[in-house]
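Here are the chains, one letter per residue:
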Amino acid sequence: MADQERRTFLKFCVHGLGAVFAAVLGVPVVSYLIDPRRRQTAGGDLRPVSGIRLTELRMEIPVQGVIRDIRRDAWTLHPNDTVGRVWVMRTRDGNSAESFRVFTTECPHLGCSVNLNSDPSTGYTCPCHNGQFQLDGERIGHNPALRGMDSLEFEVDPADPDQLLVRFLKFRQTLAEKVVRT
């Protein structure tokens, strides 16, 4: 009988230690998997464009702005990180009303940063493979990019009419159509 009690006691100890080890190893794994810092952020939120005031934009002269946001990776918080850059240009639509054009600076060919030409009226150039784009973002000539520059949705900030808000998205390169990167 004593032998049976001792086996029961040892079985209880072995199972108890197994449960303790499972908890010690399992709790960090579960907390890592459900940690909110690992969750994907909702891409495409409206973000202000830094470095551009709408009243200072001249007609048909693009100006480069910066999109900043909070970025988290692993255990590091970057509270004011540059997540992208955009070209913003004041223009007129068909009814002579003022409007804006907003393009991402990433080339749709391989993602290099598209630069404004020294004569802004001639458009943009990608320095990596000499891709040429008009001011409206359309391709020019023998361009290695399969599509024009990627335009972005925007709106004027209702709280500050001198501030532009952009729905900043990144698109896949080397495709003829715009496909959002996930």
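Model, not experiment: these values are computed from the prediction.

What counts, and where the lines are drawn
Residues numbered from 1 in each chain as written. Predicted model: local features only at pLDDT ≥ 70, side-chain atom pairs only at ≥ 80, totals over all residues. Heavy atoms only, no water. Helix = DSSP H or I, 4+ residues; strand = E, 2+ residues; numbered from the N terminus. Rg over C-alpha atoms; globule rule 2.2 N^0.38 Å. Contact = heavy atoms within 4.5 Å. Areas by Shrake-Rupley, 256 points an atom, 1.4 Å probe, with all protein chains shown as cover. Lys, Arg positive; Asp, Glu negative; His and termini not counted. Charge placed at Lys NZ, Arg CZ, Asp CG, Glu CD. Pairing = 2+ DSSP bridges. Axes fitted to C-alpha atoms, helices over the stretch in contact; angles between N-to-C directions. Phe/Tyr/Trp six-rings, centres within 6.5 Å; stacked < 30°, edge-to-face > 60°. Buried < 20%, exposed > 50% of the residue type's maximum accessible area, 1.4 Å probe, protein only. Polar contact = N/O pair within 3.5 Å; in protein donor to acceptor, adjacent residues only side chain to side chain.

Attention now goes to the overall build of the protein chain. The number of helices and strands found in the protein chain is one helix and 10 strands. The linear arrangement of helices and strands in the protein chain, starting from the amino end, is α-β-β-β-β-β-β-β-β-β-β. Since a compact globule built from 182 residues should have a radius of gyration of about 16 Å, the 27 Å found for the protein chain marks it as more spread out than a globular shape. Sequence separation of at least 24 residues holds for 46% of the intrachain contacts in the protein chain that already meet a minimum separation of 6. Element-wise, carbon and sulfur atoms account for 56% of the exposed surface of the protein chain, whose accessible area totals about 11800 Å². Measuring between centres, the 23 positive side-chain charges of the protein chain sit 8 Å from its 22 negative side-chain charges.

What follows concerns the sheet that holds strand S4 (residues 98-104). Read from one edge of the open sheet, six strands run S4-S3-S2-S1-S10-S9, paired in antiparallel fashion. Of all strands in the sheet, those with a lone pairing partner are S4 and strand S9 (153-156), marking the two edges. When the angles between neighbouring strand axes are averaged without regard to direction, this sheet yields 40°. The pairing of S9 with strand S10 (residues 164-167) spans four bridges and is antiparallel. Note that in S10 the partner of Glu155 across the bridge is Leu165.

Within this structure, the stated rule accounts for three aromatic pairs. Seen from their ring centres, Trp87 and Tyr124 are 5.6 Å apart, and the 50° between their planes marks the pair as tilted. Here Trp87, found in strand S3 (residues 76-92), pairs with Tyr124, found in strand S6 (residues 124-126); they are 37 residues apart in sequence, far enough to count as distant. The pair Trp87 / Tyr124 is uniform in exposure class, with both members buried. Their ring planes at 85° and their centres at 6.3 Å tell us that Phe100 and Phe154 sit as a pair that is edge-to-face. Here the residue Phe100 occupies a position in strand S4, and Phe154 occupies one in strand S9, the gap between them amounting to 54 residues. Residue classification places Phe100 among the buried positions, given a relative accessible area of 14%. A network of ring pairs unites the aromatic residues Trp87, Phe103 and Tyr124 as a single cluster.

In this section: the side chain of Asn117. In this structure, Asn117 sits in the loop between strand S5 (115-116) and S6. Residue classification places Asn117 among the buried residues on the basis of a relative accessible area of 17%. Looking at Asn117, its side chain comes within polar contact range of the side chain of Thr122, at 3.1 Å.

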